[in-house]
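Okay, here's what each chain looks like letter by letter:
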Amino acid sequence: MQRYFVQPDAIADGRIAITGDDVKHIVRVMRMEAGEEVIVCDGLGHAFRVELTDLGDTTVTGRVVEELVHSPESRVKITLAQGLPKGDKMELIVQKGTEVGINRFVPVDMARCVVQYDAKKEQKRRDRWQKIAKEAAEQAHRNLVPSIAEPMSFKQVMNSLDGFDLVVVPYEGEKARSLREVLADAPDAQHICVLIGPEGGIADSEVETALSRGALPVTLGPRILRTETAGLVAATCIYYHYGEMGG
């Protein structure tokens, strides 16, 4: 069953109004008709089975048949603080990270970032990433669309770590402490931050700063992973460890 996201205020008195690009998808791509059913999520974790009643050019309306109790969302919330990569790599990271289950993406300007931060361009890119997250959440049948934070400096990220139960930094210079060992020592962690360096890796000075703020550098194994791969691998390992990947 197709899944769509709407703003919370689009749901009222048992009725739901779908607008934007989803109208074109429902009417022209899927060629749905009145009486067919879809799943609609409010972005706050609630999902509803909805019967379509009126399919217009700009708005599709429907009535709520039932609220769905089962949620595909993990009890473990992961924030991926990702060193800004080159080109369109962030699009891949957001898309696949959303499918895996990541809750929040924070683009980070780090010492070895090649990309020059430009506020005007960044807003456009951020809007693009948010759209990708929405589409990926629909495809993965999630109840929440991950948020894309405004790009932060490394210092800003370091100043915002207090809200996490665990902060891990996959780092090629770490040879002894594995992600597996760190997770075994944190059985009750619910909010985890994964910090990933850009193409050139995380600088030693940044690792030292992160360590002083309570973060734990970890190894993901003997192979060197690309920046667009490392965060996805780490998140998958975390979810698997906590039983969120069917294991």
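All of the points below concern the structure found in this document. Values in this document were obtained by computation on a predicted structure and should not be read as measured data.

**What to know about the overall build of the chain**
Move 1: In terms of helices and strands, the chain carries seven helices and 13 strands.
Move 2: Taking 247 residues into account, the globule formula puts the C-alpha radius of gyration at 18 Å, and the chain, at 20 Å, falls close to it.
Move 3: If you line up the chain on its principal axes, its C-alpha atoms span 60 × 40 × 30 Å.
Move 4: The buried share among the 247 residues of the chain stands at 43%.
Move 5: Entry remark: accessible area of the chain is about 12900 Å², with carbon and sulfur atoms responsible for 47%.
Move 6: Separation of charge centres in the chain, based on 30 positive and 37 negative side chains, amounts to 5 Å.

**Here's the deal with the nonpolar core**
Move 1: Counting residues in each nonpolar core, the largest one holds 50 residues, and the members touching the most others are Ile192, Val194 and Ile238.
Move 2: What valine 194 contacts, discounting residues up to four positions off in sequence, is Ile78, Thr79, Leu80, Ala81, Val168, Pro170, Ala234 and Ile238.

**So, the sheet that holds strand β2 (residues 11–12)**
Move 1: On the basis of which strands lie adjacent, the open sheet formed by six strands has the order β1-β4-β5-β6-β3-β2 and mixed pairing. Two strands bound the open sheet, and with one partner strand each, they are β1 (3–5) and β2.
Move 2: Bridge count for strand β3 (residues 15–18) against strand β6 (residues 60–68) is four bridges, and the pairing is antiparallel. When the bridges of β6 are listed, isoleucine 18 appears paired with valine 60.

**A short note on the environment of methionine 245**
Move 1: Relative to the helices and strands, methionine 245 is located in the segment after α7 (227–241).
Move 2: We classify methionine 245 as partly exposed; its relative accessible area is 39%.
Move 3: Each C-alpha atom of the pair methionine 245 and glycine 101 lies 9.7 Å from the other, and the pair is 144 residues apart in sequence.
Move 4: The contacts of methionine 245, once residues within four sequence positions are left out, are Val100, Thr236, Tyr239 and Tyr240.

**Comments concerning unusual backbone geometry**
Move 1: At aspartate 13, a position not held by glycine, the phi torsion is positive, near 55 degrees.
Move 2: Here aspartate 13 lies in the loop between β2 and β3.
Move 3: We classify aspartate 13 as exposed; its relative accessible area is 79%.
Move 4: Its identity is not glycine, yet histidine 141 carries a phi of approximately 60 degrees, on the positive side.
Move 5: Counting through the fold element by element, histidine 141 comes out in the loop between α3 (119–139) and β9 (147–148).

**Quick notes on the environment of valine 50**
Move 1: For valine 50, the location among the structural elements is in strand β5 (residues 47–55).
Move 2: Sequence-wise, valine 50 and lysine 89 are 39 residues apart; in three dimensions their C-alpha atoms are separated by 36 Å.
Move 3: The contacts of valine 50, once residues within four sequence positions are left out, are Ile16, Glu36, Glu37, Val38, Val40, Gly62, Arg63, Val64 and Val65.

**Re the pattern of salt bridges**
Move 1: Summed over the entire model, instances satisfying the criterion amount to 13 salt bridges.
Move 2: Where lysine 131 meets aspartate 21, a salt bridge forms, and the shortest distance between an N and an O atom there is 3.7 Å. Taken together, the positions of lysine 131 in helix α3 and aspartate 21 in helix α1 (residues 21–29) put the pair 110 residues apart, joining distant regions of the chain.
Move 3: With relative accessibility at 39%, the residue lysine 131 sits in the partly exposed group.
Move 4: Across the pair arginine 63 and glutamate 51 runs a salt bridge whose closest N-O atoms are separated by 2.8 Å. Here the residue arginine 63 occupies a position in strand β6, and glutamate 51 occupies one in strand β5, the gap between them amounting to twelve residues.
Move 5: Residue arginine 63 is classed as partly exposed on the basis of its relative accessible area, which comes to 36%.
Move 6: When salt bridges that share partners are traced, they join Asp22, Lys134 and Glu138 into one network.

Thresholds, definitions, all that
Residues numbered from 1 in each chain as written. Predicted model: local features only at pLDDT ≥ 70, side-chain atom pairs only at ≥ 80, totals over all residues. Heavy atoms only, no water. Helix = DSSP H or I, 4+ residues; strand = E, 2+ residues; numbered from the N terminus. Rg over C-alpha atoms; globule rule 2.2 N^0.38 Å. Buried < 20%, exposed > 50% of the residue type's maximum accessible area, 1.4 Å probe, protein only. Areas by Shrake-Rupley, 256 points an atom, 1.4 Å probe, with all protein chains shown as cover. Lys, Arg positive; Asp, Glu negative; His and termini not counted. Charge placed at Lys NZ, Arg CZ, Asp CG, Glu CD. Core = buried A, V, L, I, M, F, W, Y, C linked by side-chain atoms within 4.5 Å. Contact = heavy atoms within 4.5 Å. Pairing = 2+ DSSP bridges. Salt bridge = Lys/Arg side-chain N within 4 Å of Asp/Glu carboxyl O.

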